[in-house]
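For reference, the chains in residue letters:
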Amino acid sequence: MINDQPPWSRSVYRDSHGRGIRRPTFGTRLPRYRTRCGIFDDLTAAQIRRLGAGWPQLVKPVQFAVEDVPPSDPTPWEDRADLFSRSFPAGRGIPARIVLYRLPIQSKTRDRTELELMIRDELVLQLADLYGRDPEEIDPMWGR
């Protein structure tokens, strides 16, 4: 029997020595398939949804993005040496934006809980910076 399909498009690669077919031993929805990037994106989206439920008028007009690292040449007026996030005000038809930098945030945290709290704190800090509000006004648990 000759099969005209290439091996990567078949559902089964081979049955070597009659020991059974080769298929993944775990599903794509299980944690092994989740990368650190994917987990970071999921945690960020969850925090944006949470903030959007409490402050829809603040969160809805803002675009959110995740980048791996901050630019190598920060502007002269930036005084923060550890740049975890950045906000850009709206202007010239471009909506306000908040960018989180994944690798600096991940390198600062030790576990998933710390990562989630740091993402929350950075988002609240940047929203407060964009709108000229106090971070505790947006999220009373900020910084705790």
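First things first, this report covers the structure right here in the doc. The shown structure was predicted, so the numbers you read here are calculated from the model rather than taken from an experiment.

### Describing the nonpolar core
With 20 residues, the main nonpolar core has Leu51, Ile105, Ile119, Leu123, Leu127 and Ile138 as its most contacted residues. At the level of elements, helix 1 (36–54), helix 2 (56–59), strand 3 (97–101) and helix 4 (112–131) are the ones that each hand at least two residues to this core. Among the elements that line this core, the one with the most residues is helix 4, at 7 residues. The contact partners of Ile119, leaving out residues within four places of it in the chain, are Phe40, Leu43, Thr44, Gln47, Leu100 and Ile105.

### Comments concerning the packing of aromatic side chains
The geometry of two aromatic rings is summed up by the distance between their centres and the angle between their planes. Counted according to the given criterion, the structure contains 0 aromatic pairs. In this structure, Arg97 packs its charged tip against the face of Phe88, placed 4.8 Å from the ring centre.

### Observations regarding the packing of helix 1 against helix 4
For the pair helix 1 and helix 4, the least separation of the axes is 10 Å and the interaxial angle reads 50°. It follows that helix 1 is oblique to helix 4 by the angle criterion. As for the relative orientation of helix 1 and helix 4, their crossing is right-handed in sense. On helix 4, the residues that touch Ile39, Phe40, Leu43, Thr44, Gln47, Ile48, Arg50 and Leu51 of helix 1 are Arg112, Leu115, Glu116, Ile119, Arg120, Leu123, Val124 and Leu127.

Conventions adopted
- Residues numbered from 1 in each chain as written.
- Predicted model: local features only at pLDDT ≥ 70, side-chain atom pairs only at ≥ 80, totals over all residues.
- Heavy atoms only, no water.
- Core = buried A, V, L, I, M, F, W, Y, C linked by side-chain atoms within 4.5 Å.
- Buried < 20%, exposed > 50% of the residue type's maximum accessible area, 1.4 Å probe, protein only.
- Helix = DSSP H or I, 4+ residues; strand = E, 2+ residues; numbered from the N terminus.
- Contact = heavy atoms within 4.5 Å.
- Phe/Tyr/Trp six-rings, centres within 6.5 Å; stacked < 30°, edge-to-face > 60°.
- Lys NZ or Arg CZ within 6 Å of the ring centre and 35° of its normal.
- Axes fitted to C-alpha atoms, helices over the stretch in contact; angles between N-to-C directions.
- Parallel < 35°, antiparallel > 145°, perpendicular 65-115°, else oblique.
- Left-handed = near helix turned anticlockwise from the far one by under 90°.

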